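Notes for the structure review
What follows is each chain in one-letter form.
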Amino acid sequence: MLRITDARTGEPIDAVPARRSLTRVEAHVERDDLSALRVLLVADVLARTLELGGTPVVTVADPPAELRARADALGIRRAEGDRSGAGPALHVLAPGATAVEGIRIEVAPVHGTAGPALLRMVLLAAPRRQPVDFATADLDGARETLARWRKSVATWATRPSKPVPERVRQELRAAWEDDLDVPAVLEVLRRVEHADDVPDGARFETYAYADRLLGLELTRDIGAQR
């Protein structure tokens, strides 16, 4: 069960009262900037986390057209515009945003700029309550890691299939269910990448499974001519 920090109290709380009850994830954005884009991204990852846990989700947002286009480029799934649906609501917003009823999940601002190819990777690698400054972010490291993982996944896909090791599955779920700790998810993948006791077929399944949350298109290069 996902536990999330409610910005109203600063305390962790169950994200949903019942795992299989329909839940609204509402992203509150008004401007077209990277901070608003990060709000949409966190809402997207939150919805993916709930779905992986068996909770049906509807994501709600009404971003400006320009921001919607930028979100599309990041692989952020499109949301509905109606905020009147039934079910409990989780509100994803910037600090100081207008008060709303329900659990508040605050997202720190983003400064600077970067190309869309790296935005998702860099933003996922930082805790959501930590501001991101692209002037100091390790863009080269993010670029190298993303390219290496996609190439490795394409190679591992040619090996005999093996299931995700149960301990790895539990590590991944423990990370994303602990206050949506996506940096910890990425750290699990880094360990699996070099683990001597994980066969290549299991590495492939692990990365494909984690990418259901991350949305980094880690399987994109499968079948591509090398």
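The structure contained in this document is the topic of the report that follows. Throughout this description, residue numbers start from 1 for each chain and increase along the sequence as written. Selection of residues for local features in this predicted model requires a pLDDT of at least 70, selection of side-chain atom pairs for listing and counting requires 80 or more, and totals for whole chains, interfaces and linings are taken over all residues. By convention in this description, side-chain values take in all heavy atoms of the structure and omit both hydrogens and water.

1. Comments concerning the overall build of the protein chain
A tally of helices and strands in the protein chain yields seven helices and eight strands. The globule rule puts the C-alpha radius of gyration for 226 residues at 17 Å, and the 18 Å found for the protein chain is close to it. If one aligns the C-alpha atoms of the protein chain with their principal axes, the spans along those axes are about 50 × 40 × 30 Å. Per-residue burial for the protein chain yields a buried fraction of 49% across its 226 residues. By sequence separation, contacts in the protein chain at least 24 residues apart represent 67% of the contacts at least 6 residues apart. Total accessible area computed for the protein chain in this model is approximately 10800 Å², and 50% of it derives from carbon and sulfur atoms. Only DSSP runs of H or I covering at least 4 residues are called helices, and only runs of E covering at least 2 are called strands; the numbering of each starts at the N terminus. Values of the radius of gyration come from C-alpha atoms, whereas the globule rule sets the reference at 2.2 Å times the count of residues to the power 0.38. Each residue's exposure class comes from its accessible area (1.4 Å probe, protein chains only) as a fraction of the maximum for that residue type: buried when under 20%, exposed when over 50%, partly exposed otherwise. What makes two residues a contact is simply this: any of their non-hydrogen atoms within 4.5 Å. Each accessible area is a Shrake-Rupley result for a 1.4 Å probe, and residues are judged covered by the shown protein chains and nothing else.

2. Section: the layout of surface pockets
Approximately 390 Å³ is the volume found for the largest pocket. Every residue lining the largest pocket is counted, 18 residues in all, and those nearest its centre are H28, V29, E30, A94 and A97. Here the element with the most residues in the lining of the largest pocket is helix α1 (residues 34-52); it accounts for three residues. Broken down by class, the residue content of the lining of the largest pocket amounts to eleven nonpolar, four polar and three charged. A pocket, in this scheme, is an open set of points on a 1 Å grid over the protein atoms alone with protein on both sides within 12 Å along at least 5 of 7 lines, while a cavity is a set where a 1.4 Å probe fits but cannot get out; residues line either one if an atom lies within 4 Å of a point. Grid points are joined across faces, edges and corners, and a volume is the space filled by probe spheres set on the points. Each residue receives one of three labels: charged for Asp, Glu, Lys and Arg, nonpolar for Ala, Val, Leu, Ile, Met, Phe, Trp, Tyr, Cys and Pro, and polar for the others, Gly being one of them.

3. Some details on the environment of D138
Counting through the fold element by element, D138 comes out in the loop between β8 (132-133) and α4 (139-156). Look at D138 and you get exposed, because its relative accessible area is 56%. A 3.5 Å cut-off defines polar contacts: any pair of N or O atoms within that distance qualifies, except that in protein one atom must be a possible hydrogen donor and the other a possible acceptor, and neighbouring residues in sequence count only when both atoms are side-chain atoms. Within the structure, D138 has its side chain in polar contact with the backbone nitrogen of G141 (distance 2.9 Å).

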